[in-house]
Amino acid sequence: MEMALEALYGHRVVLPQVAAAFLLSRERRPALLLAPADRVRRYRDLSAFGVPVYPNPGLEALEEKALFVLSYEEALAPFPEDPTAWRLVLEVGRRYGREELLARLLRMGYARDEDYRVLGEVLELGEVRLEFFGEELERLLVGGEPRGRHVLLPKPGKAEGFTSQKVRHFPGPVYLDTPALAPRELWPLLVGRPWVALGSGVELPPKELGVQALPPYRGSLKALERDLSRWLAEGRRVSLFVGHRRTLEYLKGRLASYNPLVLERFPGPKGRLSLLPGAFEGGAVWGEEVLLTEALVFATGGVRGRLRRGAGLTDPGALSPGDFLIHPEHGIGQYLGLETREVLGVRRDYLVLRYRGEGRLYLPVEQLPLLKRHPGTTDDPPELSSLGKGEWQRAKEKARKDVEALAQRLLVLQAKRQATPGRSFPPLPEWDPLVEAGFPHELTPDQRRALEEVLRDLEAPRPMDRLISGDVGFGKTEVALRAAHRVVGHGAQVAFLVPTTLLAEQHGKTFRERFQGLPVRVGVLSRFTPPKEEEAILRGLAEGGVDIVIGTHRLLQPDVRFRDLGLLIVDEEHRFGVAQKERIRELKAEVDTLYLSATPIPRTLYSALVGLKDLSSIQTPPPGRKPIHTFLAPFDPLLVREAILFELERGGKAFYVHDRVASIEGRRRYLEALVPEARIGVVHGQMPEGLIEETMLLFAEGAYDVLLATTIIESGLDVGEANTILIERADRLGLATLYQLRGRVGRRDQEAYAYLFHPPRLTEGAEKRLLAIADLSDLGSGHLLAERDMEIRGVGNLLGPEQHGHIRALSLEVYTELLEEAIRRLKGEVREERPQVTLDLSLSARLPAEYVPSLEARSRYYGRFAEAKGLAELSRLVRELKERYGPLPEEAENFVNLARLRLVAERKGVLSLTEDLTHLQAVFPRWPLDYDAKGLRGLPFRVELTQYPPGFRLEKKGLRPREYPEALLQVLYLFADR
C-alpha cells in the first residue's frame, strides 16, 4: 500500500497497534518509535514486515539504519553530548595508533592492567581480544568468535557524568505510541523534528487513514470464521499474526478449511489467509488488507465485571463492625464494636449490638459462643429484630412448625418411595453384555459394588433414589452409563442432567462412542445444539425416537416432554438452583433417580446419611491413577513461574484460580509479564455463558496454555493435559470447592500438582480447611473430605422455595438446626444438649486495648477463646498471646482464668457460677452430687453443699477477687464429670 508518510508529520492518527506497526514498516530508516515501557515489547520484532528493529539502543547503535524503539524513560536517559568520543568502533583492517588507542580507552574509563592487558601486539579487554600487525587491526575476537566489526562502549558507571538525553542523538522522524502518557520533559526535545502521534491526548490536527478497527473476538472462533469467510469472498488479503508457535500449530488445524498459508514475511497473496509471526495486538481492515492478531482473537481483555456484593471479610475469623449476629433469645442485631464498661467497680468488655429502633444490647464477651454469624452484608442486610417484643421467638416458633411439617414430608416421601410401586428393569441376558464390550478397563471393586447396588435398585419394584459418591475420574459415569443401558434395553428413555454445556458435550461424546453399533439414539440438548437438531430431539423425546438425552437445565424446560421416561441421572445436583431442583423433584416422582457427585457437599451427604437417599461410594482409584501432590505455601511469584513453566515444558496445561472478578484482568496482565512464554485465557461468571464455554473448549483444544479463572471451573471440562493447578487465596475457599478444584487435574496417569497459596497468617478455620485438603490427598478421599467439611461448617440444608421466607427471617444456619432437630425428634432420637454456663463474678476481666491494640485482633481472640473446647487449646492460645504481645496484664490474666473456669464448669455440668456479698455459688442441674468429700474438707477455705438449689457455696472470706476462679477450680476438680 502506497502512502505519503510526510503528510502525517505534525498530525494525530488513531490506529490499532498492528496497523501502527504496518505503518512504521513503510517509514524510511532511521526512525524512532517512543512508547510506554509495557508497550515496547509489541514493537520489538517487526521481521514479518521486513523491518530491522533496535529496542532501547545505546551508543553501539548510532550508525545503524533501523527503527529504534525506546521507552519514554529510555528516551530521556543520560547520553553524552559528543557520542563519538564515547564509543570506539573496532574494524578489522583499520589502523589504530597505539598511544591514541590507549588514551581513548583511559577516557572511556578503562585502566591498564586493571581492566585490560597489553601483551606485545595483542590487547585483551574482557571478552574482546585485539590482534595487531603494527598499527593495523588484523584479527578481532569477541567471546572467542572472530568478528569483522565491534563497537566498544564506556566502562559501566561512566554515564553518571553525561549531560544530554538519548532521544536527541538518534536521527529520523519520531512516532509516539500512546502520546497521552509521554512525560512533559520530552516535548521540548521534539521541537523542530518531524513527529506523529499514534493516539489521542495531544493537541495536533487528526488525520484519517480509512482504517477500520476491529473489536476483539475474545475467543469466539465461530465469529472469526464468519468474518474470514466474508473477507476472503471479497478478495481481501487476510494476515493473522501469531505470537506463540503453539498457537500457530493450533490455528493451522482449527482453520484448516480455509487452507491457510504459513509465511515468514508479509504480504501473502490476495484472497488467501496467511499465518505470520508477530506479537502484535488489535486488528484492522485497511483497504484490501485485513490485519488480525492472536491477541485480538484470544485475549479477553475488555470483559469487565462488577464487584460482587457481599465479598468475604479480610479475616473471616474476626468480627468487624457492621457484621450481623444472631442471639438465640433476641434475634438478629448488628455488631457495632467492643466497649469497655465499669459496673460496680468491675471492668469488662462488651459486644455492642444494635437492634431495630436504635435498641442496644451490651453482651459480655464471655457470651460470644451464644452468637451465630448471619451471612447478610451491608449491601444486602437482613431485617433487624426488635428488643423486648418477642418477635424473634414468634418467628422461630412459626418456622419450627414449618420445619416439623417439612421433616415429616421428607420422611414420608422416603417411606412413600419405599412403598410406591415403580417400574422394574430385570436383567436382559442378551442385551446386558453388549455395552461392556466397548469398555477398555476392568471395573474397580468399588465400581462393581456400586453397579450391583444400582442394578438391584432398578430391578426392585420401587423407584430408585441413590447417590453415587466418588472422586473425579473414578468411574461414576461408567456406572450411570450401564444403568442407562439397562433401562434403554427395556424400551424406556433416559435423561442425563448436567450443570454445564461442556459436560453435556463431553458426556454426549462418551455415550455415542459406547453405544456405537447398537440401536440406541443419543441426543444432546445444550447451547451448542443447532435449532433444527434441537427441534428434532424434542420431537424424538415426545414420540420415543430418542432413547437417551443429555443436557443442561434446558432439559427442565416445560417444552421437553418424554414419551416414557424410565431413569433420571443428575450430575452434581448442588450446581442447580432451587427452582430447578423443584422441577427435578416433579420429574423423579415415580422415576428411578441416580445422583452423581464428585465430592458430595454436606447437604447431599447429610441427606444420604439420615436415610433420605441410598448411598454408594467409589473410593478405589482406576489403575494407573496417582495421588495429586498438594503444596501449601504463602504466595510466591517465583514458585508460580516455576510451576507453570514445568508444566509447559512437559507438554501440559495449567489452571490458575483467582476468585475475584474485579481484579482478574489485572491478574492476567501480571501473569503475562511473569510468564511471557504462556498463552493465557480468562473465564469468570460475569462473562456471557457462551463465551465461557467456548473459552474452556479452546483451552481443552490447545489454544491456551493457562486458564485463569474464578471457581467457575470447579465443575467443568475434563482436560487430560492439564495437570497443574494454582489456587490464590485458598484460605477463602470452602473444603468442597478446594477439593473439586484440585480434581480438575490428575485425570490421567501423569503426575499432577496442586499449589494452594495463602497469606502468611491464617485464621483457625482456614488453617483447618487447608490442612484437611493437604492431609486428604490420597485418591478416593472425597467422601471423607465431605464428612470433615460437615465437622468444620455444619450440615447445610434441604430446601425448597417455600422455606425462603423463614430463612430470610432466621438465617440458613438457624433454620437448618431446627430441621435437624425436627428430623431427630420424629425418628425418636434424643440428644442431650449441654447448657451454657452462666458466669457472673465481680472480676475485671478483658483483653485491654493497651495490650492488644487492634480491634479486629481483640475480636478474633475473644472468638477463639469462646470456641476453645479444651484446656490444651486454651494454653496454646495463651502462649500465642504472650509470644505476640508480651506478658499478660492483670485483667487479661483474669480473663484467661475465667475462660479456664468456664471449660471445667461445662465439663462438670454446672449451670451457673455467681456471687453474693459473702459467698460464691455454683448451681448444678440436679441432686444428688457425686464428689470427693474428703478432698472438700481438706481445702483451705470453707465449702458448704446446698440441696436447694443443688450445688455448693464457697465462703469469700480471705479471698481476693482475682483468686475466685482458682478457688472455684479447686472445688470443681473434686466433682465428677457429667
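Residues numbered from 1 in each chain as written. Predicted model: local features only at pLDDT ≥ 70, side-chain atom pairs only at ≥ 80, totals over all residues. Heavy atoms only, no water.

**Student:** Any chance you could break down the overall build of the chain for me, citing the residues and the numbers?
**Tutor:** Across its full length, the chain carries 27 helices and 44 strands. Within the chain, the proportion of its 978 residues that are buried is 53%. As presented, the chain carries roughly 44400 Å² of accessible surface, and 50% of it is formed by carbon and sulfur atoms. (Helix = DSSP H or I, 4+ residues; strand = E, 2+ residues; numbered from the N terminus. Buried < 20%, exposed > 50% of the residue type's maximum accessible area, 1.4 Å probe, protein only. Areas by Shrake-Rupley, 256 points an atom, 1.4 Å probe, with all protein chains shown as cover.)

**Student:** Break down the pattern of salt bridges for me, with residues and values.
**Tutor:** Under the definition given, this model contains 54 salt bridges. Salt-bridge contacts for Glu249 lead to Lys252; the nearest nitrogen and oxygen are separated by 3.6 Å. Within this pair, Glu249 and its partner Lys252 are both found in helix 5 (residues 245-254), separated by three residues, close to a single helical turn. Note that Arg554 and Glu534 form a salt bridge whose closest N and O atoms lie 2.9 Å from each other. Of this pair, Arg554 sits in the loop between strand 30 (548-551) and strand 31 (565-571) while Glu534 sits in helix 12 (residues 531-543), and the two are 20 residues apart along the sequence. In the salt-bridge network here, residues are joined through shared partners; they are Arg117, Glu124, Arg129, Glu131 and Arg139. (Salt bridge = Lys/Arg side-chain N within 4 Å of Asp/Glu carboxyl O.)

**Student:** Explain the side chain of Thr529 to me, using residue names and the numbers behind them.
**Tutor:** With respect to the helices and strands, the residue Thr529 is situated in the loop between strand 29 (522-525) and helix 12. Using a relative accessible area of 9% as the deciding quantity, one classes Thr529 as buried. From its side chain, Thr529 meets the backbone oxygen of Val524 in a polar contact 2.8 Å long. At 2.9 Å, the side chain of Thr529 forms a polar contact with the backbone nitrogen of Ser526. Leaving out residues up to four positions away in the same chain, Thr529 has contacts with Val524, Glu534 and Ile537. (Polar contact = N/O pair within 3.5 Å; in protein donor to acceptor, adjacent residues only side chain to side chain. Contact = heavy atoms within 4.5 Å.)

**Student:** Please set out unusual backbone geometry residue by residue, giving values where relevant.
**Tutor:** The linkage connecting Phe266 with the following residue, Pro267, adopts the cis geometry, with an omega of 5°. With respect to the helices, strands and loops of the structure, Pro267 is situated in the loop between strand 18 (261-262) and strand 19 (273-277). Residues Tyr948 and Pro949 are joined by a peptide bond in cis, for which omega reads -5°. By the secondary structure assignment, Pro949 is in the loop between strand 43 (943-946) and strand 44 (951-955). The residue Asn259 is not glycine, and still its phi comes out positive at about 50°. Despite not being glycine, Arg729 shows a phi value in the positive range, around 45°. Take Arg729: it is sitting in the loop between strand 38 (722-727) and helix 18 (735-742). Classification of Arg729 by relative accessible area gives partly exposed; the value is 25%.

**Student:** Explain the confidence of the model for the chain to me, using residue names and the numbers behind them.
**Tutor:** Overall, the predicted model of the chain reaches an average pLDDT of 81, with 83% of residues at or above 70. Here residues 300-317 scores under 50 on pLDDT; set against residues more than four positions off or in separate chains, the count is 43 contacts. (pLDDT = per-residue confidence, 0-100.)

**Student:** Kindly report on the packing of aromatic side chains, identifying the contributing residues and their values.
**Tutor:** Applying the stated criterion across every chain yields a total of 29 aromatic pairs. One aromatic cluster in this structure is built from Phe22, Phe49, Phe241, Phe266, Phe280 and Trp286. Between Arg667 and the ring centre of Tyr670, over which it is positioned, the NZ or CZ distance is 4.6 Å. (Phe/Tyr/Trp six-rings, centres within 6.5 Å; stacked < 30°, edge-to-face > 60°. Lys NZ or Arg CZ within 6 Å of the ring centre and 35° of its normal.)

**Student:** Tell me about the sheet that holds strand 28 (residues 493-497), residues and numbers included.
**Tutor:** Strand order in this open sheet of seven strands is 29-30-28-31-32-27-33, and the pairing throughout is parallel. In this open sheet, the two edge strands, each paired with only one partner strand, are strand 29 and strand 33 (614-618). Each strand axis lies, on average, 15° off the axis of its neighbour in the sheet, ignoring direction. Note that strand 28 and strand 30 share four bridges and pair parallel. Its bridge partner lying in strand 30, Ala495 is registered against Val549. Packing against the sheet, helix 9 (residues 445-459) makes contact with strand 27 (465-470), strand 31, strand 32 (592-597) and strand 33, and its axis sits at approximately 155° to strand 33. (Pairing = 2+ DSSP bridges. Axes fitted to C-alpha atoms, helices over the stretch in contact; angles between N-to-C directions.)

**Student:** Lay out the nonpolar core with the relevant residues and their values.
**Tutor:** Ranked by internal contacts, the top residues of the largest apolar core, which has 57 residues, are Phe865 and Leu901. Top element by residues in this core is helix 25 (residues 890-908). It accounts for nine residues. Counting residues in hydrophobic clusters, the runner-up holds 53 residues, among them Val290, Leu292, Leu296 and Leu691. (Core = buried A, V, L, I, M, F, W, Y, C linked by side-chain atoms within 4.5 Å.)

**Student:** Residues and numbers for the sheet that holds strand 11 (residues 145-146), please.
**Tutor:** On the basis of which strands lie adjacent, the open sheet formed by five strands has the order 7-8-9-10-11 and antiparallel pairing. At either end of the open sheet lies a strand with only one pairing partner, and these are strand 7 (116-119) and strand 11. Across two bridges, strand 10 (residues 136-142) lies against strand 11 in antiparallel orientation. Among the inter-strand pairings, Leu141 is bridged to a residue of strand 11, identified as Pro146.

**Student:** Outline the packing of helix 24 (residues 871-885) against helix 25, listing residues and values.
**Tutor:** At a minimum axis distance of 10 Å, the contact between helix 24 and helix 25 shows a crossing angle of 170°. Judged by the inter-axis angle, helix 24 sits roughly antiparallel to helix 25. Listed contacts from helix 25 to Leu871, Leu874 and Val878 of helix 24 are Val896, Ala899, Arg900, Leu903, Val904 and Arg907. The residue makeup of the contact of helix 24 with helix 25, split by class, is seven nonpolar, no polar and two charged. (Parallel < 35°, antiparallel > 145°, perpendicular 65-115°, else oblique. Nonpolar A, V, L, I, M, F, W, Y, C, P; charged D, E, K, R; others polar.)

**Student:** Quick one: what's the story with helix 4 (residues 221-233), residue by residue and with numbers?
**Tutor:** Here helix 4 is 13 residues long and its end C-alpha atoms lie 18 Å apart, about the 18 Å a rise of 1.5 Å per residue gives. Taken together, the buried positions of helix 4 are Leu221, Ala223, Leu224, Glu225, Asp227, Leu228, Trp231 and Leu232. Downstream of helix 4 by a residue or two, Gly235 has a phi angle that is positive, lying close to 80°. (Expected span 1.5 Å × (residues − 1).)

**Student:** Mind laying out the packing of helix 10 (residues 476-489) against helix 11 (residues 501-514), listing which residues take part and the relevant values?
**Tutor:** Geometrically, a packed helix pair is captured by the angle between its two axes and the distance between the axes. Contact geometry for helix 10 and helix 11: axes closest at 11 Å, N-to-C directions at 55°. By the criterion of interaxial angle, the relationship of helix 10 to helix 11 is oblique. Classified by chirality, the crossing of helix 11 by helix 10 is right-handed. From helix 10, Thr477, Glu478, Leu481 and Ala484 reach across to helix 11, where they touch His507, Thr510, Phe511 and Arg514. When its residues are assigned to classes, the contact of helix 10 with helix 11 shows three nonpolar, three polar and two charged. (Left-handed = near helix turned anticlockwise from the far one by under 90°.)

**Student:** With reference to specific residues and values, describe the side chain of Asp432.
**Tutor:** Secondary-structure assignment places Asp432 in helix 8 (residues 432-436). Assessed through its relative accessible area of 17%, Asp432 is described here as buried. Engagement of the side chain of Asp432 in a polar contact is seen with the side chain of Arg486, the distance being 3.0 Å. Ignoring sequence-local partners within four residues, the contact set of Asp432 consists of Pro427, His485 and Arg486.

**Student:** Could you give me a rundown of the pairing of strand 15 (residues 195-198), with the residues and numbers involved?
**Tutor:** What you see with strand 15 is no split at all: Trp195 and Ala197 on one side and Val196 and Leu198 on the other are buried throughout. Of the pairings in the sheet, the one linking strand 1 (residues 12-13) to strand 15 comprises two bridges and is parallel in character. By the bridge assignment for strand 15, Val13 is matched with Leu198. Sheet topology note: the strand 14 (residues 174-177)/strand 15 ladder contains four bridges and is parallel. Counterpart to Leu176 in the pairing with strand 15 is Ala197.

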